[in-house]
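# Breakdown of the fold
Spelled out, the chains give:
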Amino acid sequence: MNDTDFLAQAMRYQDGVLTPDEVIAFETALRDDPAKRQLFADTQVRSMALHDRFRQEAFRVETAPRRKVTWITRPITAMAAGLVIGLFSASIVWAISSPKATTERLFSLLNGSFDENRLERGFPHQTGFWSGDEAAIRDGQLRFIAPGSDSGDPTGRAISCDVFQLVDLRPLRHALSPDGDSVLELSADFRDGRAPNTKPSVSFFGQLYLFSGDPGSLHQTWPQSIPEALASGSAQVTTLGSDAKGVRTLTAKCLIPAQADFAVIQIAARPNLRPAKLDGLSADNVRLTLKTQPALPVRIVQR
């Protein structure tokens with residue numbers, strides 16, 4: 001398969017919607033083609049924020065008392081390639097001990113329960129309100145209606161219904177842990193209200209991106225500016241109508257760099273076969289939480 005087809009398959013592979021034969025073909029391409037492994041690794045760098053501090057901690061080796069450390073100097077794309085190769089021949093075990101204490105602070109996300117009916121169209125130009133593709137607030141829930149394209153990429157395909165909020169993080173700086181890790185968590189409840197086993201499958205997403213600078217100008221470059229994020233986190237689930245699990249709660253996490261000024265909060269619903277209606281898909285109870293904890297001691301054990 002060419003690079004374009006390979007990247008399309010990579011997205012579907014991560015979403016868990018490939019058939020068994022397609023999974024075998026994709027993993028065979030990763031195993032047998034170094035160029036495909038590198039391409040997949042480079043994609044992970046951009047989409048999973050492997051440059052953030054948590055991934056750096058995973059490659060830190062403590063070499064002496066009093067918290068002196070030696071960094072393993074490897075290009076970040078090589079780190080990602082190593083993770084991909086590890087799918088097939090793991091040779092490193094990461095051991096992370098649990099922190100002794102965690103402090104949680106709920107950080108205000110405006111209208112996270114969708115009690116107010118304000119919902120703008122397009123990517124937001126300022127902090128403090130929900131804005132995005134065609135959606136509606138009804139009965140205290142956000143109802144996804146139709147996918148839309150990004151104004152910053154008008155030629156792009158409209159594949160998902162995305163709703164955003166910009167959040168000012170500067171008031172959080174006094175609460176960040178000076179000696180440990182500060183983690184921002186985005187949680188949201190998603191409901192697929194269609195009949196059981198309804199096709200196509202739908203993927204729900206909760207994502208957050210942390211940036212420095214002026215949030216009021218980000219709409220001019222979104223989504224091309226995503227690789228410039230200081231850190232990011234993502235969570236997703238795929239459903240086929242209602243089932244015994246009912247509401248699905250997703251939680252996305254990322255470490256907060258000291259220079260982060262604002263966050264992009266994104267919740268989305270994407271049909272995995274297009275075109276398709278988004279009837280019966282909703283989100284509720286969106287929460288943003290700050291957690292601080294001591295630095296995680298990490299050691300690398302060769303097998």
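The structure presented is a predicted model; accordingly, all values stated were derived computationally and were not measured. (Residues numbered from 1 in each chain as written. Predicted model: local features only at pLDDT ≥ 70, side-chain atom pairs only at ≥ 80, totals over all residues. Heavy atoms only, no water.)

### Structural notes on the overall build of the protein chain
- Helix and strand counts for the protein chain stand at five helices and 16 strands.
- Here the protein chain holds 303 residues, and the buried ones make up 44% of them.
- A separation threshold of at least 6 residues defines the contact pool for the protein chain, and within that pool the share at least 24 residues apart is 75%.
- Accessible surface, the protein chain as shown: approximately 15,900 Å² in total, 51% of it carbon and sulfur. (Helix = DSSP H or I, 4+ residues; strand = E, 2+ residues; numbered from the N terminus. Buried < 20%, exposed > 50% of the residue type's maximum accessible area, 1.4 Å probe, protein only. Contact = heavy atoms within 4.5 Å. Areas by Shrake-Rupley, 256 points an atom, 1.4 Å probe, with all protein chains shown as cover.)

### A few points about the pattern of salt bridges
- Taken as a whole, this structure holds 10 salt bridges when the rule is applied.
- With a closest N to O distance of 3.3 Å, Arg118 and Glu120 form a salt bridge.
- According to the relative accessible area criterion, Glu120 is partly exposed, its value standing at 33%.
- A salt bridge links Asp139 to Arg143, with the shortest nitrogen-to-oxygen separation between them at 3.8 Å. (Salt bridge = Lys/Arg side-chain N within 4 Å of Asp/Glu carboxyl O.)

### Describing the confidence of the model for the protein chain
- Across the protein chain, pLDDT averages 77, with 71% of residues at or above 70.
- Note on residues 298-303: pLDDT under 50 across the span, and 21 contacts to partners over four residues away in sequence or across chains. (pLDDT = per-residue confidence, 0-100.)

### Brief notes about the environment of Phe144
- Following the sequence through the fold, Phe144 ends up in strand β8 (residues 141-146).
- It is 7.5 Å that separates the C-alpha atoms of Phe144 and Asp279, two residues lying 135 residues apart in sequence.

### Quick look at the environment of Ala276
- Its place among the elements puts Ala276 in the loop between β14 (262-271) and β15 (281-294).
- Once the C-alpha coordinates of Ala276 and Ile159 are considered, the two residues, 117 residues apart in sequence, prove to be 9.7 Å apart.
- Not counting residues within four places of it along the chain, the set of residues in contact with Ala276 comprises Pro200 and Pro271.

### Considering the nonpolar core
- Counting residues in hydrophobic clusters, the biggest one holds 41 residues, and the most contacted among them are Phe144, Leu184, Phe204, Leu210, Ile265 and Ile267.
- Here the element with the most residues in this core is β15; it accounts for five residues.
- Leave out the neighbours within four places in its chain, and Leu210 touches Leu169, Leu184, Ala229, Leu230, Ala231, Cys254, Leu255, Ile256, Pro257, Ala260, Phe262 and Ala263.
- Core analysis: the next-biggest nonpolar cluster, separate from the first, contains 10 residues, Phe123, Phe211, Leu218 and Trp222 among them. (Core = buried A, V, L, I, M, F, W, Y, C linked by side-chain atoms within 4.5 Å.)

### Thoughts on the environment of Glu228
- You can see Glu228 is positioned in the loop between β11 (202-211) and β12 (231-239).
- Along the backbone, Glu228 and Tyr209 are 19 residues apart, and their C-alpha atoms lie at a distance of 9.4 Å.

### Overview of the pairing of β8
- Where strand β7 (residues 134-138) lies against β8, five bridges are found, and the strand directions are antiparallel. In the strand pairing of β8, Arg138 is matched with Gln141.
- Linking two consecutive strands that pair antiparallel, namely β7 and β8, is a turn of two residues; a positive phi of about 55° is found at Asp139 within it. (Pairing = 2+ DSSP bridges.)

### Here we look at the packing of aromatic side chains
- In this structure the tally under the stated criterion is nine aromatic pairs.
- Plain terms: the ring middles of Phe164 and Trp222 are 5.7 Å apart, the flat faces sit at 80° to each other, and that makes the pair edge-to-face. Here Phe164, found in strand β9 (residues 161-168), pairs with Trp222, found in the loop between β11 and β12; they are 58 residues apart in sequence, far enough to count as distant. Exposure class is identical for Phe164 and Trp222. Each is buried.
- Through successive ring pairs, a cluster of aromatic residues spans Phe123, Phe164, Tyr209, Phe211, Trp222 and Phe262.
- The ring centre of Phe129 lies 4.1 Å from the NZ or CZ of Arg118, which sits over that ring. (Phe/Tyr/Trp six-rings, centres within 6.5 Å; stacked < 30°, edge-to-face > 60°. Lys NZ or Arg CZ within 6 Å of the ring centre and 35° of its normal.)

### A short note on the sheet that holds β9
- Overall, mixed pairing links the six strands, which are arranged β5-β6-β9-β14-β11-β12 in an open sheet. Edge positions in the sheet fall to β5 (120-121) and β12, since each has one partner strand and no second.
- Strand direction decides the pairing type here: β9 and β14, joined by eight bridges, are antiparallel. Each bridged residue has a counterpart across the sheet, and for Gln165 the counterpart in β14 is Ile265.

### With respect to helix α2 (residues 20-32)
- For α2, which comprises 13 residues, the first-to-last C-alpha distance of 18 Å matches the rise-based estimate of 18 Å (1.5 Å per residue) to within 8%.
- Within the sequence span of α2, burial applies to Phe26, Ala29 and Leu30. Here the buried residues of α2 occupy an arc of 100° about the axis, which is enough to place them on one side. Looking at α2, the residues exposed on the side facing more than 90 degrees away from the buried face are Pro20, Asp21, Ile24 and Asp32. (Expected span 1.5 Å × (residues − 1). Arc of directions from axis to C-beta.)

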